[in-house]
Structures are given as C-alpha cells and as structure tokens.
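Chain residues, written in single-letter form:
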Amino acid sequence: QVQLVESGGGSVQPGGSLRLSCTASGIIFIRYAMNWYRQAPGNQREWVAHITSGSITTYVNSVRGRFTISRDNAKNTVYLQMNSLKPEDTAVYYCNTKPGGTDYWGRGTQVTVSA
C-alpha cells in the first residue's frame with residue numbers, strides 16, 4: 001500500500017513563498033528518488049524537481065534558483081521550498097515516486113499565485 005500525501009499549498013502574492021510537503025508510506029523511503037510535478041488547467045503535467053536517494057537534485061529551468069527540493073528520510077518526507085513565486089507557478093502540485101518501475105502519485109495540493 002503505497003501512499004503519498006501532499007500538503008502546504010495555498011494562495012500567495014507574487015514574490016511570496018510556500019513550502020510543500022509530501023509524506024510517503026508503504027515504501028522504504030530512503031531507497032527511492034522523489035519528484036515534484038505540477039499541472040495547470042488545460043496544460044500538460046510538467047516535471048518540476050527531482051531528488052535522488054542520495055539527495056542530488058535537478059530542476060526544470062523555469063524554477064531553478066527559486067525552488068529547492070529536499071528530503072528528510074527520518075520523516076519519510078520530501079519538501080519543495082518555493083520562493084519568489086510568480087503567477088505562472090499557479091498549478092496543482094503532485095508528489096511522485098517510481099518504486100519497482102511503477103509510478104505512484106499523490107492527490108495534489110493547489111498553489112495559487114496572484115495579486
């Protein structure tokens with residue numbers, strides 16, 4: 001029973017910050033890479049950030065320098081710290097992992113950036 005639960009979304013002004021959390025259960029968390037994706041209405045789901053089991057990170061170019069992905073293995077949790085938020089960051093943000101080659105997704109958390 002693999003379960004991913006996101007939290008931390010909300011509504012902020014441009015330039016503001018949010019920290020998203022994703023807590024995993026049903027996997028040996030420390031062994032697996034984690035991802036954040038996002039999807040705005042009418043858009044394709046977009047990969048945002050990746051963190052390996054060894055905490056090596058990569059980002060889509062549009063968020064590099066503004067977003068930081070991290071993990072706390074003791075809490076089975078991956079985070080996405082989002083700073084300098086822009087209206088184009090508005091989307092539902094999803095947590096993802098792929099143990100055994102099968103994708104698992106959380107249900108998402110809404111992030112809205114507007115004046």
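None of these values were measured; they are calculated from a predicted model. Residue indices begin from 1 for each chain and proceed along its sequence in written order. Only residues with pLDDT of 70 or above have their local features reported here, since the model is predicted, and side-chain atom pairs are shown and tallied only from 80 upward, although totals for entire chains, interfaces and linings are computed over all residues. Hydrogens and water are ignored here; the side-chain numbers use all heavy atoms of the structure.

1. Regarding the overall build of the chain
Quick reminder of the rule: Counting from the N terminus, the helices are DSSP H or I runs at least four residues long and the strands are E runs at least two residues long. In this scheme, a residue with accessible area under 20% of its type's maximum is buried, one over 50% is exposed, and one in between is partly exposed, where area comes from a 1.4 Å probe on protein chains only.
If you tally the helices and strands in the chain, you get zero helices and 11 strands. Its helices and strands taken in sequence order, the chain reads β-β-β-β-β-β-β-β-β-β-β from the N to the C terminus. If you line up the chain on its principal axes, its C-alpha atoms span 40 × 25 × 20 Å. By residue count, 40% of the 115 residues in the chain fall in the buried class.

2. Some points on the packing of aromatic side chains
Formally: Pairing of aromatic rings covers Phe, Tyr and Trp, the last counted by its six-membered ring, and requires centre-to-centre distances within 6.5 Å; plane angles under 30 degrees mean stacked, over 60 mean edge-to-face, and any other angle means tilted.
Under the defined criterion, the tally for this structure stands at one aromatic pair. Ring centres of Tyr 37 and Trp 105 lie 4.9 Å apart, and the angle between their planes is 65°; this geometry places the pair in the edge-to-face category. Within this pair, whereas Tyr 37 is found in strand 4 (residues 34-39), its partner Trp 105 is found in strand 10 (residues 104-105), the two being separated by 68 residues in sequence. Judged by relative accessible area, which is 35%, Trp 105 ranks as partly exposed.

3. A word on the pairing of strand 9 (residues 91-97)
To be explicit about the condition: Between any two strands, pairing holds if DSSP finds at least two bridges.
Among the seven residues of strand 9, seven are classified as buried, and the element is accordingly described as predominantly covered. In this structure, strand 4 lies alongside strand 9, joined through five bridges in antiparallel fashion. Across the sheet, the residue bridging to Tyr 37 is Tyr 94, located in strand 9. Bridge analysis of strand 9 against strand 11 (residues 109-113) gives three bridges, and the strand direction is antiparallel. Opposite Val 92, over in strand 11, you have Gln 110 as the bridge partner. One ladder, built from two bridges, connects strand 9 with strand 10; its direction is antiparallel. Across the sheet, residue Thr 97 finds its bridge partner in strand 10, namely Tyr 104. What sits between the antiparallel neighbours strand 9 and strand 10 is a turn of six residues, in which Gly 100 has the positive phi angle 60°.

4. Looking at the pattern of salt bridges
Let me state the cut-off plainly: When a carboxyl oxygen of Asp or Glu is within 4 Å of a side-chain nitrogen of Lys or Arg, the pair counts as a salt bridge.
Counted according to the given criterion, the structure contains three salt bridges. When the shortest N-O distance is used, the salt bridge between Glu 46 and Arg 38 registers 2.8 Å. Of the residues examined, Glu 46 reaches a relative accessible area of 31% and is grouped as partly exposed. Note that Arg 38 is salt-bridged to Asp 89, the shortest N-O span being 3.0 Å. In this pair, Arg 38 is assigned in strand 4 and Asp 89 in the loop between strand 8 (77-82) and strand 9, connecting sequence segments 51 residues apart. Of the two residues examined, Arg 38 and Asp 89, each falls in the buried class. One continuous salt-bridge network, built from bridges that share partners, spans Arg 38, Glu 46, Arg 66 and Asp 89.

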